[in-house]
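Here is how the chains run, residue by residue.
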Amino acid sequence: MAEVLLQGEQRVFMTGNEVVAWAAVAAKADIMYGYPITPQNEIMHYWTRLAPKHGKRFLQVEDEISAGFTTVGGVMTGRKAFTATAGPGNVLMQESANMAEMMRVPIVYVVQQRGGPSTATVIYAQQETTLTCFGGNGEGHRLVYSTATHQELFDYTIKAFNMAWTYRFPTFVLGDGYQAKMRESLTMYNPEEKGIQLVKPVPLLGDTTKPERQFKHLRNTYNTEDELYKVVMNNQRDWDNMAEKVVEWDEKGCEDAEVILLTHGIVARSAITAYQQLRAEGKKVGFFRPITLRPFPGKELKEAIKNAKKLLVAESAYGQFLKMVQNNIFGSQIEIVPLLRPGVGITTEEIVAEYHKLS
Amino acid sequence: MQELEEDGILQPAMPSCWCQETKPHKFCPGCGHGIILKVLGEAIDELGIKDTMVFGCDIGCSLLSWDLFSIDTVQTHHGRTTPVITGMKRANSDIIGVAYMGDGGGYAIGSQHLFNAAVRNEKITILLCNNCNYGMTGGQMAPTTLPGMKTETTPYGRDVSETGYPTKGPEMVAAVAPEGAYVARGTIANVRQLKGFIKKALENQIAGRGISFVECLSSCPTNWRTNAKQTWEFVEKDMAGFFKVGELRGSEVKEG
Ligand SMILES: Cc1ncc(C[n+]2csc(CCOP(=O)(O)OP(=O)(O)O)c2C)c(N)n1
Ligand code: SF4
Ligand SMILES: [Mg+2]
């Protein structure tokens, strides 16, 4: 019998990787497949310690291609299955993510970004933004949550399973090495006690409990352009319909702001502190942060910046987030000031200093 | 198998787990894939495992079997059928998982999956169609292309000093798989024997003993550009001369 997990609320102090493992248990994930890569390793380390106590499984496979595809297989049997990776591993996992997009497989990936390109650093970056949102030979039919805090890692890992199994698109929790390795406090909870319903997984095929079932033929290959067009457009429609229901963002003080600080993920933490400091000094500054990068809160961003003069875009990559912003506010005349630091953290002081250069 | 004669007309003998609506199948005339899958179908019928089975097919001409059986089927990516079926079996051990692939899928792009599935003794059945070339993409050299054999990418014949010798898959799997594995090489030139091998492979999985792997020597007259006589000669003489037919592991497993 599995132990009863997480009763009431528990205040804890732990690393982000540990948080993800606990969140996966709280979300009632059944099985994890994985391949070691820093800075994600401890998700597996904690999962392999927690899993047997809760009747859950783990399989270490030969590479991330396999980790992605074994996870796809696990999901297809109607189990909540997930995997976690980073950097070059994320590159290899995109092949499975593509199959999941096409065949609407509700797979969950946790990505703890590290430096790139290539092997680069095992520490930190936001350079997997484009890859995670659009990696592959498709249209980016996926859901991507960019987390900033350990609390969010917990909340959104649980949510990722729920959204994946509701909308049947591959779902990513996009963290980074700082979040993975840093310790901080958060509140863990049993989602069901909080009224968060956990979406029940159902087998896509191989439901051995129903021998009388109608067999299914699942494929991702098509004979003609028209056949494919129908499938992709159907997915696009579903994705568009989902988009407005799941899009998430955070904004503060944008109504009267002259300059808006625009960031995502952990950089948003520096930005929010910068925002608070500058506001305390009476500066007309605003804060905007997409939580979902796919779908991107484009409408909301456009609305938020409509009275502002400048947009300070800061990211730990050379313009990956910036391109998404430009794309989504197309037509706006606002001046964009980029602060681009590939593979390097961005502090509150740096954002404040950049702000002061503007006036 | 259905009655051979219906309404006084002789019907093609079709395993009952074959999906009638999608017949005739999509393989070229003279292709070995259809023979292997017919034998597999008969084995499935005899073992009565249709309802607990998941059939996975690769990219290659094996993908043409995506709607061949009245069985839950998933068509995956080139080389990735082994991990998909592995993932399923690990998540739900009640499933009988069969991964079907070509020699390119199994020995080239998916070789790391085959090797490691064997090392881990995954409780799945892998069936691999060896047709000495990449059929679907138009007849390029495969890991199994015979020395001197002409393909689109070896127009003057496979030069082993440049490209090495053909991969001997069952020998490799047999060398690395732990106790409990079943490994064999059959041929479409001996369907009765092939059926025995495939059946034992499935039984090995049902018994939960370990991995089961059967390579099937097959034909690709379209890309070989051979007539019927030449096709059979190639399968029976050239291929069988290089790839030894028989059981390599687990031959003590009794036919059920
Ligand atoms: C990642 C990837 N690379 C290449 C291809 C192109 N491709 C399709 S089928 C195939 C070869 C198939 O050969 P084999 O596995 O021997 O199967 P056969 O057609 O001979 O039965 C290749 C290379 C692909 N679909 N995906
Ligand atoms: S190309 Fe070769 S392997 Fe493919 S269906 Fe035709 S004969 Fe069979
Ligand atoms: Mg082949």
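Residues numbered from 1 in each chain as written. Chains lettered and ligands numbered in written order. Predicted model: local features only at pLDDT ≥ 70, side-chain atom pairs only at ≥ 80, totals over all residues. Heavy atoms only, no water.

Draft legend 1. Molecular detail of the domain arrangement of chain A. All names here are of chain A. The domains assigned to chain A are domain 1 (10-194) and domain 2 (251-358). Measuring from the centre of the C-alpha atoms in domain 1 to the corresponding centre in domain 2 gives 26 Å. Counting residues at the interface gives 28 residues for domain 1, matched by 20 residues for domain 2. Carbon and sulfur atoms supply 53% of the area buried between domain 1 and domain 2, which totals about 1,900 Å² over both sides. Contact with domain 2 buries area across many residues of domain 1, yet Tyr-124, Gln-126 and Ser-146 alone supply 30% of it, more than any other trio. Across the domain 1-domain 2 interface, the total number found is two salt bridges. Across the pair Arg-269 and Glu-184 runs a salt bridge, and its minimum N-O distance is 2.8 Å. (Domains from an automatic or database assignment. Contact = heavy atoms within 4.5 Å. Buried area = accessible area lost by both parts, 1.4 Å probe. Salt bridge = Lys/Arg side-chain N within 4 Å of Asp/Glu carboxyl O.)

Draft legend 2. Main features of the site of ligand 1. Residue and element names in this part refer to chain B. Taken together, 16 residues form the shell around ligand 1, and within it His-33, Cys-61, Asp-103, Gly-105 and Gly-135 come nearest. Between ligand 1 and the protein, one listed contact pairs an oxygen atom with a backbone N or O atom of Gly-105 at 2.8 Å. Contact distances for ligand 1 include 3.1 Å between an oxygen atom and a backbone N or O atom of Asn-133. For ligand 1, whose unbound accessible area comes to 590 Å², protein coverage reaches 74%. Secondary-structure elements contributing two or more residues to the shell around ligand 1 are helix H3 (103-109) and strand S7 (133-134). Broken down by element, the residue count for the shell around ligand 1 peaks at four residues, all from H3. (Near = heavy atom within 4 Å. Polar contact = N/O pair within 3.5 Å; in protein donor to acceptor, adjacent residues only side chain to side chain. Areas by Shrake-Rupley, 256 points an atom, 1.4 Å probe, with all protein chains shown as cover. Helix = DSSP H or I, 4+ residues; strand = E, 2+ residues; numbered from the N terminus.)

Draft legend 3. How the structure looks around the sheet that holds strand S5 (residues 96-102) of chain B. An order of S9(A)-S4(B)-S3(B)-S5(B)-S6(B)-S10(B)-S9(B)-S11(B) is seen for the eight strands of this open sheet, with the pairing classed as mixed. Each having just a single partner strand, strand S9 (217-218) of chain A together with strand S11 (246-249) of chain B make up the two edges of the open sheet. (Pairing = 2+ DSSP bridges.)

Draft legend 4. View of helix H12 (residues 348-358) of chain A. Residues and elements named next belong to chain A. Taken together, the buried positions of H12 are Thr-348, Ile-351, Val-352, Glu-354, Tyr-355 and Leu-358. Across the axial projection of H12, the buried residues extend over an arc of 160°, all falling on one side. With respect to the buried face of H12, the exposed residues turned more than 90 degrees away are Glu-349 and Lys-357. (Buried < 20%, exposed > 50% of the residue type's maximum accessible area, 1.4 Å probe, protein only. Arc of directions from axis to C-beta.)

Draft legend 5. Examining the packing of aromatic side chains more closely. Residue and element names in this part refer to chain A. Within this structure, the stated rule accounts for 13 aromatic pairs over all chains. Judged by centre distance (6.2 Å) and plane angle (45°), the rings of Phe-296 and Phe-321 are tilted. Remark: Phe-321 occurs in helix H11 (residues 320-328) and Phe-296 occurs in the loop between strand S13 (292-294) and helix H10 (298-304); sequence separation between them is 25 residues. Exposure remark for Phe-321: the relative accessible area of 0% places this residue in the buried category. (Phe/Tyr/Trp six-rings, centres within 6.5 Å; stacked < 30°, edge-to-face > 60°.)

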